[in-house]
Structures are given as C-alpha cells and as structure tokens.
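# Descriptive structure summary
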Amino acid sequence: MSNRIVFFVSRVLFHTLLFCVVVTPGLAQTNLALRAETIPAMPPTGVVDQVHDTVSDYVIEKADKLDQSLDELLTPEEFERSRTFDRFFGDRRRKDDDQRSRLKIVPQIEWSEAGDIGTHIKFSLKLDLPRVKDRIQLVADNLEEDRNALSAFGESLSRPESTEREEDTSISLRALLGEHFNIRFTGDVGLKFRPEPVPKLRLKARLPWEIGNWRIQLRETLLWEGEDGFGEKTSLDFEKSLGPLTSIELSSAGVWSETSKGVDLGQFVSLSYFPSSGHRLDLKLGIEAHTEPTVDVDRYLVRCPLSRRAKKNWMYFIVEPGADFPVERDYKFSPLIVFKIELIFGDLPRDRT
C-alpha cells in the first residue's frame, strides 16, 4: 500500500511540474499549495481555505498577464494609444471582470473486480482571455474526450487501453474560427505529452438548438495527432429538465480513428436528482461497441455517482459505485467503486448544485 501512496503523490507532483514549466515559470511558488490540496489528510479549515485562495488568485493573476501579453502581440500598432488608455482607466473591452479562468484537479482511487486498486489524477485547465477571447484561449487537460465514444464514463473506464493513455497530457491554443448559421467553429493547435511531445490539431463544429423543452447539441470533431494519425468524432446530445429536482440526458457518439476497430460506438442515458443544495445523485447506463470485423458490444456499464459539496463551491466529494458487463468476461457482473475529490481553483462556478 505504501508503494501506491508514493505513486499517487508522484502523479500529483508530475502535473504540478507540468503547470510550472508550460503555463508559467512563476507557478513554482504554489507547488506546496497544490500538494496540500491533494493530500487526503486535510489541515484545519482556515489553512485549507487560505491555500485555496492563494492558488486561485495566482491562476487568475497569471491568466491576466498572459492575456495582456497576447493582446500586445495581436493588437495592431494603430491601436497602441487606445490600449495604453485602457490600461490606465480600465479596459473598455472587458464587459465582465469574471475571466472564468479555472483549474480543476480530480484525484481518485478506483477498485474493480476485474483489475486492482488504481490511483489516477484527472485535470483540466482553461485560461479564458477576455482581451483576445474572440481569437485565442489556452486549454490543458488529460481527459482524452476526443477519442472516447463514452466521455461521460471517462473517469471510470477500467480497461488496459484506457490506463495506457492515462498519462497523455494535452496543451493547446484554441481559436474561435467564427459562427455561421448558428454553427460555432473552433480550432486547436498544440502538443500531447507521452511523455515526449507529439503535435496535435483539432477542428470542432457545434450546433445547438431547442425543440420544446429539449436542449439538443450536435458536435463534429476532426483531429490529427503525430502518433495516432487522423480521427473523427460525431456526437448528438439531448437534455431536458423533468422538474425542479430532476433532469435527463441522452447521448450517442461514434468515433473513427486509425487506431479504432472500425467505428467505436457509445450510447448512454443519465438521470440526475438534486435532493438539496450541494448534493447530487445520478444513474448512468451506457453501452460501448465497435463495428469491425463485425458489430459487437464490448460492454454494458452502470454507474451511480453521489456527490456532496464540502467546501463552498470549490470542493466536492464523490462516491461512484457501479458495474461493468464486459465481453471478455462473457458479460458477467463486474463491480467497481470510485472515490474522487474534485478541487476547483480560479474563478469558481457561480451556480452549481
């Protein structure tokens, strides 16, 4: 067990070092703060809040400095005088001071009957840059959603191929390419670390609309990576509120890539219940399949995550029992359980249940 604890802490240090080197060298000052937030034995409440505030302020501060630097790089010379005026009296282009710059770290422990106890750290970083928001954003994560037909189960997919990509960390510059006929186009260019850097490109189109009380979204993603080659993902999502305390979500997705078995298919339905503020209970049912050499179901999935807000709206404890019915075990019942702590730094969500 001691080896697992050492491995778990080393994963925290790895991602901390990544942010220090890539996002900004100055982030080294907050390494101890990040480690304090991810160690299970929490210090007194006041110290935890102070550490969280320090890291959050640092994320926002560095996002603002990066925003200013990119603004200086991208703004034509004829607007230099106007920009100096804005710096002194306030940037007139910033209608909302909330930059939505956010770092989310999710350390988790998973036990499954098919495997062993595993420790993982998922993270996502978004630096929203209001001065250049119509041109560029900085994003980083290790979620691997583009090549996953069941992204809603991405944090609890206990299988060898998922584990092999656990360390893949992606850092990209994202540009808004425009909006035509209500279709929003974005493009990413960046690197994926395995741990050596590999170039990656992504083009994404998103079309939202509503039919009655249903919110519908069609998404199309084209991607290329230096090692895995080309890929394409199509997904269609439906969401509807069933009442003040319940909602339903349905999603279907297909992923083709040079590493997939034909087309990887995924479909899930999720029922959500919000019994009180800071609590949430979900029931997720999913199917995973592929099309080559024949159309076969790889497994059925069931998850029942229960989340509880512990610290205002920046810390959540999540217990996620569930089961897989994989083809390699003749679709036999294979239980699992995941324990997660979700930590949010930077601009916090305004309204989260």
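See above for the structure.
First things first, this report covers the structure right here in the doc. (Residues numbered from 1 in each chain as written. Predicted model: local features only at pLDDT ≥ 70, side-chain atom pairs only at ≥ 80, totals over all residues. Heavy atoms only, no water.)

With that settled, consider the pattern of salt bridges. On inspection of all chains with the given rule, the structure shows 14 salt bridges. Arginine 147 is paired through a salt bridge with glutamate 225; the nearest N and O atoms lie 3.5 Å apart. You can see arginine 147 sitting in the loop between β3 (137-141) and α5 (160-164) and its partner glutamate 225 sitting in strand β7 (residues 214-225), a full 78 residues away along the chain. Comparing arginine 147 with glutamate 225, the two get one shared label, buried. For aspartate 188, the salt bridge is made with arginine 202, and the minimal N-O distance between the two is 3.2 Å. Separated by 14 residues along the polypeptide, aspartate 188 in strand β5 (residues 183-193) and arginine 202 in strand β6 (residues 197-211) bring together distant segments of the chain. (Salt bridge = Lys/Arg side-chain N within 4 Å of Asp/Glu carboxyl O. Helix = DSSP H or I, 4+ residues; strand = E, 2+ residues; numbered from the N terminus. Buried < 20%, exposed > 50% of the residue type's maximum accessible area, 1.4 Å probe, protein only.)

Here we take up the pairing of β7. Working note: regular strand, side chains alternate between the two faces of the sheet. Judged from the 12 bridges that link them, β6 and β7 form a sheet pairing that is antiparallel. Residue pairing in the sheet places arginine 206 in a bridge with arginine 219 of β7. Here β6 folds back onto β7, and the loop between the two strands holds two residues, one of which, glycine 212, carries a positive phi near 65°. With 11 bridges connecting them, β7 and strand β8 (residues 229-241) associate as antiparallel partners. Note that in β8 the partner of arginine 215 across the bridge is glutamate 239. The turn linking β7 back onto β8 is made up of three residues. (Pairing = 2+ DSSP bridges.)

Let us look at the nonpolar core. Of all hydrophobic cores here, the largest spans 20 residues; its most connected members are Leu103, Trp314, Met315, Leu343 and Phe345. At the level of secondary structure, the elements contributing two or more residues to this core comprise α3 (45-74), β1 (102-112), β2 (118-127), β3 and β15 (334-346). (Core = buried A, V, L, I, M, F, W, Y, C linked by side-chain atoms within 4.5 Å.)

Everything listed here is a matter of coordinates, which is why it stays silent on function.
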